[in-house]
Amino acid sequence: MTHDVFNQVPPLTGHDVSADAALTEGLAREGAGWALEELRRLGALAGTERAAEWGRLANEHPPVLRTHDRYGHRIDEVEFHPAWHELMTVAVSGGLHAAPWTDPRPGAHVARAAGFYVWSQVEAGHGCPVSMTYAAVPALRHAPELAAEWEPRLASREYDFGLRPAAAKRGVLAGMAMTEKQGGSDVRANTTRAEPLSDGTYALTGHKWFNSAPMCDVFLVLAQAPGGLTCFLLPRVLPDGTRNAMRLMRLKDKLGNRSNASSEVEYHGAVAWRVGEEGRGVRTILEMVNMTRLDCVIGSAAGMRYGLRQAVHHAAHRGAFGRRLVEQPLMRNVLADLAVESEAATALMTRLAGATDRAAGNAAGDATEAALRRTALAVGKYWVCKRAPVHAAEAMECLGGNGYVEESQLPRLFRESPLNGIWEGSGNVAALDVLRALGREPEALEAFLGEVALAAGADRRLDDAADRLRRSLSDPADIESRARRLAEDMALVLQGSLLVRHAPAAVADAFCASRLSGEGGRAFGTLPSGLDLDAVIDRVAHPGA
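Each chain has its residues counted from 1, following the order in which its sequence is written. In keeping with the model being predicted, local features are shown solely for residues with a pLDDT of at least 70 and side-chain atom pairs are shown and tallied solely at 80 or more, while totals for entire chains, interfaces and linings include all residues. To obtain the side-chain values, all non-hydrogen atoms of the structure were used and water was disregarded.

1. A few points about the UniProt feature "domain: Acyl-CoA oxidase/dehydrogenase middle" (unreviewed entry) in the chain
Definition in use: UniProt positions are given in the numbering used here, feature names are shortened, and annotations may be inferred rather than shown by experiment. Under the scheme used here, helices are H or I runs from DSSP no shorter than 4 residues and strands are E runs no shorter than 2 residues, and both carry numbers assigned from the N terminus.
Here, the residues flagged by UniProt with the feature "domain: Acyl-CoA oxidase/dehydrogenase middle" (unreviewed entry) are residues 175-267. Structurally, residues 175-267 comprises 0% helix and 49% strand, and the distance from its first C-alpha atom to its last is 15 Å.

2. A few points about the environment of Ala113
The following threshold applies: Exposure is judged per residue with a 1.4 Å probe applied to protein chains only, and the accessible area is read against the type maximum: over 50% gives exposed, under 20% gives buried, and values in between give partly exposed.
Following the sequence through the fold, Ala113 ends up in helix H6 (residues 108-120). A relative accessible area of 1% places Ala113 in the buried class. Between the C-alpha atoms of Ala113 and Pro100, which are 13 residues apart in sequence, the distance is 10.0 Å.

3. So, the pattern of salt bridges
For the record, the criterion: Salt-bridge detection follows one rule: a side-chain nitrogen of Lys or Arg within 4 Å of a carboxyl oxygen of Asp or Glu.
By the definition in use, this model includes 43 salt bridges. For Arg164, the salt bridge is made with Asp160, and the minimal N-O distance between the two is 2.6 Å. Judged by relative accessible area, which is 8%, Asp160 ranks as buried. Asp217 is paired through a salt bridge with Lys169; the nearest N and O atoms lie 2.5 Å apart. Of the two residues, Asp217 sits in the loop between strand S5 (202-212) and strand S6 (218-225) while Lys169 sits in the loop between helix H8 (144-155) and strand S3 (174-177), which places them 48 residues apart along the sequence. Residues joined by salt bridges that share partners form a network here, namely Glu30, Arg351, Arg358, Glu369, Glu451 and Arg501.

4. Overview of unusual backbone geometry
Backbone geometry places Phe321, a non-glycine residue, at a positive phi of 55°. Tracing the chain through its elements places Phe321 in the loop between strand S10 (319-320) and strand S11 (323-324). Residue Phe321 is classed as exposed on the basis of its relative accessible area of 83%. With a phi angle near 50°, Asp478 is a residue other than glycine that sits in the positive phi range. Counting through the fold element by element, Asp478 comes out in the loop between helix H17 (460-474) and helix H18 (483-502).

Okay, structure coming up:
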């Protein structure tokens with residue numbers, strides 16, 4: 001023997017991922033306490049070594065595109081490792097892709113958000129088709145006849161992979177294709193054409209530069225119809241069993257999200273059905289985009305929680321310089337700072353899911369909640385997704401060199417972390433969307449400030465930050481160039497209001513001191529003196545205490 005192995009951290013397995021006080025408190029607060037038992041079952045599975053192995057294998061064996069069969073026939077199929085299918089089976093059977101649409105009881109979107117948050121911590125890439133399917137339903141409802149046909153298939157809890165006619169499958173999944181080479185986020189620059197056919201369908205000719213989840217059964221696509229940019233439903237396999245003329249050109253070689261397939265596609269007269277009116281494609285597909293933006297916030301919050309849990313677990317078991325890392329003052333500052341960021345993201349995530357619930361809660365919905373969601377969702381998408389990469393990097397650093405190697409899974413988290421900030425509108429798009437909502441809908445600003453004001457008088461630092469924000473919002477000078485700063489300030493004030501009202505005093509105090517009053521530094525681990533770091537860290541290390 002050349003050495004003994006000691007002072008190495010045991011694997012973080014055999015725990016309940018849903019044992020997350022910020023999550024379960026938010027679940028109850030937003031009306032979904034009834035889902036706790038099912039969430040616990042999912043959390044127990046998510047914390048197993050078996051689930052972690054599925055996540056590892058799905059990423060180490062990424063999807064492969066097969067454009068032709070051995071005889072030269074065009075097939076355009078994507079092959080996945082069996083671990084991918086295990087992950088998808090759990091997600092679909094758990095209703096993470098569509099449960100609120102079939103069981104719209106109060107809290108349904110919150111319950112689904114909590115499940116998505118927990119299961120995404122096992123592996124993030126497979127969340128793409130899950131999220132797309134969830135988000136497709138409200139857009140599809142712009143065409144009631146299509147919705148009546150496709151919604152039951154999309155909402156099925158049976159995962160049935162493979163290209164076959166939708167009517168012959170036990171369940172189907174949806175993807176989305178909006179952007180093209182020349183336009184990117186400027187989808188009105190799209191050139192893909194949609195020509196009306198005599199039977200009421202359209203023939204699409206053109207391309208998409210990013211097609212999300214090309215292995216899915218059906219897609220929402222934007223194309224230029226005679227009446228302008230229009231949304232279409234395009235299936236991979238036509239009702240008669242023939243493959244639609246949608247060609248997968250190549251899979252994207254991405255930084256992260258490697259378990260999932262994203263592709264470039266071409267349409268050669270592909271048959272599609274119109275969703276909504278001609279010329280209203282952006283408005284129609286925005287129903288889908290807004291739902292996937294919620295999932296961007298959820299996914300980023302989940303990544304923060306995963307990185308935080310790994311960092312705290314490592315620090316609790318690793319010794320250095322005569323003490324465990326978790327006992328060392330500077331490391332405690334870092335861990336507490338990461339915990340505050342994570343809890344703020346989780347609190348905002350659950351509030352956004354609650355607003356989604358109440359905005360869709362009845363025939364008319366709650367107008368105030370809908371107005372809040374329009375602004376707060378863009379704010380949350382901008383800020384929470386922007387914080388994920390720096391949070392992942394700091395969590396990795398807590399493990400030192402052990403965190404930098406692939407076996408720790410933190411490099412995978414780090415590569416994944418920028419995605420949600422780019423997907424469904426990058427930072428500039430999200431920040432400008434905030435301005436657009438405020439400019440077009442005065443009730444959106446009123447609802448936002450009303451939500452913040454629910455904590456008025458509880459913390460002077462929050463009150464001062466809210467006053468500064470109001471002054472900034474009332475000044476129109478250079479407002480477009482200040483859009484990012486406005487979105488950031490709005491996010492911090494909203495998170496501060498939520499934490500002051502709902503989080504333990506130690507967490508709220510640390511947030512207000514470091515994020516609102518300028519007492520903290522720019523890097524993690526620069527919380528000011530005088531805070532109760534023990535209580536903040538114990539909330540992560542011992543969530544049931």
